[in-house]
Amino acid sequence: MEHKKFVVYKRLSKEDKSRTQHGFDSQQMDVDYYLSQVDNTLVLDTFQEFVSGGDDNKPELEKAIQLCKDTGATLLVAKLDRLSRRVSQIALLMENSVEFKVAVMPSANNFMLHLYASLAEEERVNIGLRVKRGLDAARAKGIKLGGASPKHKASFKANRAKGLHKKNRS
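Residues numbered from 1 in each chain as written. Predicted model: local features only at pLDDT ≥ 70, side-chain atom pairs only at ≥ 80, totals over all residues. Heavy atoms only, no water.

Draft legend 1. Up close: the nonpolar core. Core analysis: the largest hydrophobic core is formed by 23 residues, its most contacted members being Tyr9, Leu75, Leu80, Leu83, Phe100 and Leu113. At the level of elements, β1 (4-12), α2 (59-71), β3 (74-77), α3 (80-83), α4 (87-95), β4 (100-102) and α5 (110-140) are the ones that each hand at least two residues to this core. The dominant element in this core, judged by the number of residues it contributes, is α2, at four residues. Apart from the residues within four sequence positions on either side, Leu113 is in contact with Leu80, Met94, Phe100, Val102, Met105 and Ala108. Membership of the second largest hydrophobic core comes to eight residues, among which are Val8, Tyr34, Leu35 and Leu76. (Core = buried A, V, L, I, M, F, W, Y, C linked by side-chain atoms within 4.5 Å. Buried < 20%, exposed > 50% of the residue type's maximum accessible area, 1.4 Å probe, protein only. Helix = DSSP H or I, 4+ residues; strand = E, 2+ residues; numbered from the N terminus. Contact = heavy atoms within 4.5 Å.)

Next comes the structure, spelled out in structure tokens:
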């Protein structure tokens, strides 16, 4: 019996400073559950990266897609928004002759995936608006943000004392 081949892709929008990367662990749990429901599977490789869902440049995704094309494997993602938060990217992938599956929506067809992609894109817009409103609210309370914040200044001084200032990096 021939194996059903998969290439797994996981994405986080930004790196967790604590290096715990629980987001990758969560995605892996969804992928593992999906694979446990499919007979005779073989995972060829797993690719993961830190990049915004709306970004067009996803080098690890491109590698995963190429491996799928080269081997006839199915691209597997935990959730659709991990693949992209842009309808155009999802549609392009559908048209690009690469089969993909979404672990938490195993029976979703292309029509359903287009609808969910639209919702993911709208959520990307809403995330940006929520962040902006939150920053505006913090500024209204007099909280200093970014390079002006006391925490940033203390970190900057500590790094400069250790010789880690940007000008000193090689």
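Here the narrative resumes.
Draft legend 2. Up close: the pairing of β1. With seven of its nine residues buried, β1 lies for the most part within the structure. The pairing of β1 with strand β2 (residues 41-50) spans nine bridges and is parallel. Within β2, the position partnered with Leu12 by the bridge is Phe50. Pairing analysis gives three bridges linking β1 to β3, with the strands arranged parallel. When the bridges of β3 are listed, Val7 appears paired with Leu75. (Pairing = 2+ DSSP bridges.)

Draft legend 3. Representation of the sheet that holds β2 within the structure. Reading across from one edge, β2-β1-β3-β4 is the order of the four strands in this open sheet, with parallel pairing throughout. Only two strands of the sheet have a single partner each, and these edge strands are β2 and β4. For this sheet the average axis-to-axis angle between neighbouring strands, irrespective of direction, equals 25°. Lying over the sheet, helix α1 (residues 22-36) contacts β1, β2, β3 and β4, oriented at roughly 160° with respect to β1. (Axes fitted to C-alpha atoms, helices over the stretch in contact; angles between N-to-C directions.)

Draft legend 4. Region of the structure containing the side chain of Glu49. Along the chain, the position of Glu49 falls in strand β2. Buried charged residue Glu49 carries no salt bridge. Nearest counter-charge: Lys58, at 6.8 Å. A polar atom in the side chain of Glu49 sits 3.2 Å from the backbone nitrogen of Leu61. Setting aside residues up to four positions removed in sequence, Glu49 forms contacts with Tyr9, Lys10, Arg11, Leu12, Phe24, Lys58, Pro59, Glu60 and Leu61. (Lys, Arg positive; Asp, Glu negative; His and termini not counted. Salt bridge = Lys/Arg side-chain N within 4 Å of Asp/Glu carboxyl O. Polar contact = N/O pair within 3.5 Å; in protein donor to acceptor, adjacent residues only side chain to side chain.)

Draft legend 5. Structural detail: the packing of aromatic side chains. Tallying each qualifying case throughout the model produces two aromatic pairs. On the numbers, 5.9 Å between centres and 85° between planes, the contact of Phe6 with Tyr34 is edge-to-face. A residue pair is termed long-range when its members are at least 10 positions apart, and Phe6 in strand β1 and Tyr34 in helix α1 qualify at 28 residues. As far as burial versus exposure is concerned, Phe6 and Tyr34 are alike and both buried. In this structure, Lys4 is placed above the aromatic ring of Phe6, and the distance from its NZ or CZ to the ring centre is 5.8 Å. (Phe/Tyr/Trp six-rings, centres within 6.5 Å; stacked < 30°, edge-to-face > 60°. Lys NZ or Arg CZ within 6 Å of the ring centre and 35° of its normal.)

Draft legend 6. Seen up close, the side chain of Asp81. Position of Asp81 among the secondary structure elements: in helix α3. A relative accessible area of 16% means that Asp81 is categorised as buried. Here Arg82 takes part through its side chain, which lies 3.2 Å from a polar atom of the side chain of Asp81.

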